[in-house]
Amino acid sequence: MERLSESEKLHTNVETGLTTEEAQKRLKENGPNQFDEHQKDSILVLLWRQMNSMLIYILIAAAMISLFVGEMADAIIILAVIILNAVIGVIQEAKAEKALEELKKMSTPKAVVKRDGVIQEISSEEVVVGDVVILDAGRFVPADIQLVETANLKVEESSLTGESVAVDKDATWESLNKDVPLGDQKNMAFMSTLATYGRGIGIVVRIGMDTEIGKIAKMLANKEKEMTPLQKKLDEVGKVLGIGALAISAALFLIGFLQGREILDMFLIAVSLAVAAIPEGLPAIVTIVLALGVQRMIQQNAVIRKLPAVETLGAVSVICSDKTGTLTQNKMTVTNVYTNDTYHDIKDISLQNPTVERMMRAITLCNDATVEADKQTGDPTEIALIEVAEKLGMNKDETDLDYPRMDELAFDSERKMMSTVHQEQDMKTVYVKGAIECLLPKITEIEVEGIRRLITDKDQEKIEKQVDEMSEKALRVLGVAYKPSLKEMDKATYEKDLVFLGLTGMIDPPREEVKPSIEECHDAGIRVVMITGDHQKTALAIAKELHIAEHEDQTMTGVELNELSDTKLVEKVDSIRVFARVSPEHKVRIVQALKNRGNIVSMTGDGVNDAPSLKEADVGVAMGITGTDVAKGAADVVLTDDNFSTITHAVEKGRNIYKNIKKSILFLLSCNLGELAALFIGILLGWPAPLTAVHILWVNLITDTMPAIALGVDPDDPDVMKEKPRPATEKIFSKRNISFSIGNGLLIGVLTLFAFMEGLKIYTGSSTMLTMDLKHVSDEALIHAQTMAFMTLSISQLFHSFNLRSERKSIFQVGIFKNRLLVFALLFGILIQMAVVYTPLFNTWFHVVPLSWEDWLFILGLSILPIVFNEVVKGIRRVFD
Ligand code: ATP
């Protein structure tokens, strides 16, 4: 590829980047850096999608047949129900879609650019051609970039080339051949690929659809929607119920036919029964409840990237959390220093001392953070180091200029060290900082008061003792060393034969809000496990403060972990509360061991190497602020505030969402069973049909829907975090839930039949139900009785919805008016039923007649019975369970 002088061609300056003004102009001209959104579906297409189902076809056929035989009213009602149902479906889908779009926006990666000479983080969509982009390990490449500077930069390009091994990038690479394959273009970094190591600077040459990945973006556009385990289960159950419903309907039709009933009536009843029994509304309601729940979670700083995580969150039994920044504030301050064989308070040292001066130079130079008056970027540990040196009078920018960086070995959490090589007069010096266990084996000399000498065992012991003492005070300890007069620029020699300079100790206080959250987890039967790269004693000191662990037996280090076999680890894992000095690869083993013990595990992570453990965990949680794009990409949940307490809130929300979905499902199931029971029993006993087809359709598709949605957004149960986690094996269609639905379904069915018989008794003038002549019922009496059955069915279901608000607590305990939407659904439901009964036009359409106040009293009396029945059952359960 031709080597371009990009900065000239694109009118940009590599040193300062574009001006904000110019960037905005280009953004306006060329549009945002994103792939073209695929066209939104029109409302007609959306409506069609709702109608395009077997169920609706059957209904349309039923409407046509009704029309054909002159039953105009039935046809109209059936069509109205179809249309209303489709409209509700479209609204629900639009809501869910909107929530998902919001989510997409939240997870757009950020890009680091230089504009007006200042390094800043912007949304990758705002990146324009000519922007100077800075890449570091863990970042997505935001556009196609021509690299102008690289330091050991490696990029993983599997999204583009399919090759998952990271390739080395080199800004100085040139080729005159124009047809070099993408994977070999070493001076280019392509959009959507991933920097996994080192650093680089480049200039954006192409954005959005013009990029290499943009060219194949069309293939990525139609990503399939993910279903949650519950949705999948519902799908399966729905199919089984559907087949069952069709079989029952066919049987009913046959029985009716054999009994000599009117064929058209029986056909319509059978069709509406099938419609009633198939829980077609369930998946839509589950989606909407999940989507609304996810929106509420965003307000609490948890962005759900994968919908199934919402359900799993509610079942989490172990939360594994990083220490730094999640449990602690990540506001580091160096308070103490050990140097020249002595432990000092920071205010007692000065740059006048040659070893102190060299140590400060080391931590200033071996450092990638920047600290300006009001802006800091980079790792808080490094920011703290710059700040302490500045306090003593050493400026980072000046020191960087005096001792230019020639090479580096970047920090990674595997090595737990970082080294940089600098030109010092006519020599080269290596400065090193890192975890003391990793540093000490590489040290051969020690500098005291400016004089170097060989390190003795006594020195080593003294240093180790000092580290222990500092760690026990919860200080984060970092060792500092250097290597004078480096002979050759060979990476393998940088970290050999080092000279020890000292230790820095920094505080990082626990977050205030974390302690109560951990208590809450304990109450909720959730174990909290700290996983950290930090020293065992520092970790334990903080774990004690937060009540995560009490004694050393509950801790395990990475070294100890290495010595354990997987089976041994599984045996021990449940007793460990703190894993210290672990590397990301250990996290995978820890998650696997915990899962092996039957735990549902949530794991946090931020680095590139955390991706495997985040994927392995049941719920992978990435840090939104400090996390790399790689970690975010692998996670199910992203915390926008990096805060442990947010995980607890998300678990609480997850539990409530699951409960609410369960309420909607069980409500709809019991109602459908009620309709089925009433009709089936009635027909089987040879009675006139207690309900007409339109009654069933109306109740099933209209009056039931509102309470089901209202239950889905039931206010959070304040006691949800006092319960133990839901077992991983718990099924929504458990024995208890099935018997609940059947019991209540039967009750509602029998009450409906009872109202029907009472109606017949009154309007045929019989003295008892048993002496009625059911073969010769007048039309007038039948319509009256059916009206009573219709009202009892719908109103008892409306009342029944209140039973679902709690499995154990009385409706008075949970508060009748707490769920306003449910109260509204009840009142609205009763109101439309009254409208149906008292409007002459509806009277003809629905085959109903106005009722007397005695009838209403009877209906209300019956309709309230499901509440009485459930209150008794709950009372018994509270006593005996
Ligand atoms: P956590 O895993 O809870 O986030 P951590 O920040 O200590 O804790 P790592 O970032 O993996 O975890 O760091 C591990 C160790 O490496 C630290 O305890 C410290 O001793 C050392 N270390 C951290 N940052 C740097 C750095 N920038 N340069 C050199 N060494 C570092």
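On a predicted model such as this, the values are computed, not experimentally measured, just so you know.

## Looking at the sheet that holds strand β9 (residues 318-322)
Whenever strands of a sheet pair, they do so through backbone hydrogen bonds, lying parallel or antiparallel.
Stage number 1. Read across the sheet, 8 strands follow the order β8-β26-β25-β24-β9-β21-β23-β22 without closing on themselves; strand pairing throughout is mixed. The strands lining the two open edges of the sheet, one partner per strand, are β8 (302-304) and β22 (555-557). If you compare each strand with its neighbour and ignore which way they point, the axes differ by 20 degrees on average.
Stage number 2. With 3 bridges connecting them, β9 and strand β24 (residues 601-605) associate as parallel partners. Residue pairing in the sheet places I319 in a bridge with S602 of β24.
Stage number 3. Here helix α23 (residues 584-596) sits on the sheet in contact with β9, β21 (527-531), β23 (578-580) and β24, set at roughly 170 degrees to β24.

## Remarks on the domain arrangement of the protein chain
Stage number 1. Looking at the assigned domains, one finds that the protein chain contains domain 1 (2-31 + 109-217), domain 2 (232-294 + 658-880), domain 3 (302-328 + 511-642) and domain 4 (333-507).
Stage number 2. Here domain 1 and domain 2 have C-alpha centroids that lie 61 Å from each other.

## Some words on the pattern of salt bridges
Stage number 1. Taken as a whole and judged by the stated rule, the model has 48 salt bridges.
Stage number 2. Between E408 and R199 there is a salt bridge, with the nearest N and O atoms lying 3.2 Å from each other. One end of the pair, E408, is in strand β14 (residues 405-412); the other, R199, is in strand β7 (residues 194-206), and 209 residues separate them in sequence.
Stage number 3. Classification of R199 by relative accessible area gives partly exposed; the value is 30%.
Stage number 4. Here E758 ties to K761 by a salt bridge, and the two come within 3.6 Å at their closest N and O atoms. On the criterion of helical spacing, the pair formed by E758 and K761 is a turn pair, its members being 3 residues apart in helix α29 (residues 735-764).
Stage number 5. Owing to a relative accessible area of 12%, E758 belongs among the buried residues under this scheme.

## Thoughts on the confidence of the model for the protein chain
Stage number 1. Of the residues in the protein chain, 93% reach a pLDDT of 70 or more, and the chain-wide mean stands at 87.
Stage number 2. Least confident of the elements in the protein chain is helix α8 (residues 217-221), whose mean pLDDT is 47; most confident is helix α13 (residues 354-365), at 97.

## Some words on the side chain of R581
Stage number 1. Along the chain, R581 turns up in the loop between β23 and α23.
Stage number 2. A polar atom in the side chain of R581 sits 2.8 Å from the side chain of E437.
Stage number 3. Apart from the residues lying within four places of it in its own chain, the contact partners of R581 are K416, A435, I436, E437, T532, G533, D534, H535 and G558.

## Some remarks on the site of the ligand
Stage number 1. Lining the immediate surroundings of the ligand are 20 residues, of which K323, T324, E382, R476 and G533 lie closest.
Stage number 2. Within the backbone of G533, a nitrogen or oxygen atom sits 3.1 Å from an oxygen atom of the ligand.
Stage number 3. Here the ligand, which alone exposes 600 Å², has 91% of that area covered by the protein.
Stage number 4. Mapped by element, the contributors of at least two residues to the shell around the ligand are β16 (427-434) and β19 (476-483).
Stage number 5. At 3 residues, β19 tops the list of elements feeding residues into the shell around the ligand.
Stage number 6. Classifying every residue of the shell around the ligand gives 6 nonpolar, 5 polar and 9 charged.
Stage number 7. Mapped onto the domain boundaries, the shell around the ligand takes at least three residues apiece from domain 3 (302-328 + 511-642) and domain 4 (333-507).

## A look at the nonpolar core
Stage number 1. The biggest cluster of nonpolar side chains holds 136 residues, and the ones touching the most others in it are I78, V637, F644, I665 and F790.
Stage number 2. Looking at which domains feed residues into this core, each of domain 2 (232-294 + 658-880) and domain 3 (302-328 + 511-642) supplies at least three.
Stage number 3. Once residues within four sequence positions are removed from consideration, F644 is found in contact with I319, S321, T326, L327, V514, S517, I518, C521 and V528.

## Overview of unusual backbone geometry
Stage number 1. At D341, a residue that is not glycine, the phi angle is positive and equals roughly 65 degrees.
Stage number 2. Among the secondary structure elements, D341 is positioned in the loop between β10 (333-339) and β11 (342-345).
Stage number 3. For S485, which is not a glycine, the phi torsion comes out positive at approximately 35 degrees.
Stage number 4. Checked against the element boundaries, S485 lands in the loop between β19 and α18 (491-494).

## Here we look at the pairing of strand β17 (residues 443-448)
On any regular strand, side chains alternate: one points to one face of the sheet, the next to the other face.
Stage number 1. Strand direction decides the pairing type here: β17 and strand β20 (residues 498-507), joined by 3 bridges, are parallel. Directly across from I446, in β20, lies its bridge partner F500.
Stage number 2. In this sheet, strand β18 (residues 451-454) lies alongside β17 in antiparallel orientation, the contact comprising 4 bridges. The partner of E445 across the bridge, within β18, is L454.
Stage number 3. Linking β17 to β18, which pair antiparallel, is a turn of 2 residues; within it E449 sits at a positive phi near 50 degrees.

## Some remarks on helix α27 (residues 693-703)
Stage number 1. Burial runs high along α27: 11 of the 11 residues are buried.
Stage number 2. All of the buried residues in α27 are A693, V694, H695, I696, L697, W698, V699, N700, L701, I702 and T703.

## Examining the packing of α29 against helix α35 (residues 865-880)
Stage number 1. Relative to each other, α29 and α35 sit at 150 degrees, their axes nearing to 10 Å. What the angle tells us is that α29 and α35 run roughly antiparallel. The way α29 lies across α35 gives a crossing that is right-handed. Here R736, F740, N744, L747, I748 and L751 of α29 lie close against α35, whose contacting residues are L865, P866, F869, N870 and R877.
Stage number 2. Its residues placed into classes, the contact of α29 with α35 shows 7 nonpolar, 2 polar and 2 charged.

## A short note on a nonpolar patch on the surface
Stage number 1. A cluster of nonpolar residues, I864, L865, V868, V872, I876, V879 and F880, forms a patch on the protein surface that exposes about 660 Å² of accessible area.
Stage number 2. As for its position among the elements, L865 is in helix α35.
Stage number 3. With relative accessibility at 34%, the residue L865 sits in the partly exposed group.

## A closer look at the pairing of strand β15 (residues 417-424)
Stage number 1. Counting buried positions over the 8 residues of β15 gives 7, a clear majority of the element.
Stage number 2. Both β14 and β15 contribute to a ladder of 5 bridges, which runs antiparallel. Bridge assignment links L409 to a residue of β15, and that residue is S419.
Stage number 3. In this structure, β15 lies alongside β16, joined through 8 bridges in antiparallel fashion. Following the sheet pairing, H422 is matched in β16 by T429.
Stage number 4. Counted between consecutive antiparallel strands, the loop separating β15 from β16 contains 2 residues, among which Q425 sits at a positive phi close to 45 degrees.

## Regarding the side chain of T532
Stage number 1. In this structure, T532 sits in the loop between β21 and α20 (536-545).
Stage number 2. According to the relative accessible area criterion, T532 is buried, its value standing at 5%.
Stage number 3. Engagement of the side chain of T532 in a polar contact is seen with the backbone nitrogen of D534, the distance being 2.9 Å.
Stage number 4. Once residues lying within four places of it in the same chain are set aside, the contact partners of T532 are K323, A539, F579, A580, R581 and V582.

Rules and cut-offs
- Residues numbered from 1 in each chain as written.
- Predicted model: local features only at pLDDT ≥ 70, side-chain atom pairs only at ≥ 80, totals over all residues.
- Heavy atoms only, no water.
- Pairing = 2+ DSSP bridges.
- Helix = DSSP H or I, 4+ residues; strand = E, 2+ residues; numbered from the N terminus.
- Axes fitted to C-alpha atoms, helices over the stretch in contact; angles between N-to-C directions.
- Contact = heavy atoms within 4.5 Å.
- Domains from an automatic or database assignment.
- Salt bridge = Lys/Arg side-chain N within 4 Å of Asp/Glu carboxyl O.
- Buried < 20%, exposed > 50% of the residue type's maximum accessible area, 1.4 Å probe, protein only.
- pLDDT = per-residue confidence, 0-100.
- Polar contact = N/O pair within 3.5 Å; in protein donor to acceptor, adjacent residues only side chain to side chain.
- Near = heavy atom within 4 Å.
- Areas by Shrake-Rupley, 256 points an atom, 1.4 Å probe, with all protein chains shown as cover.
- Nonpolar A, V, L, I, M, F, W, Y, C, P; charged D, E, K, R; others polar.
- Core = buried A, V, L, I, M, F, W, Y, C linked by side-chain atoms within 4.5 Å.
- Parallel < 35°, antiparallel > 145°, perpendicular 65-115°, else oblique.
- Left-handed = near helix turned anticlockwise from the far one by under 90°.
- Patch = residues over 30% accessible without salt bridge, like charges linked within 9 Å, V, L, I, M, F, W, Y side chains within 5 Å.

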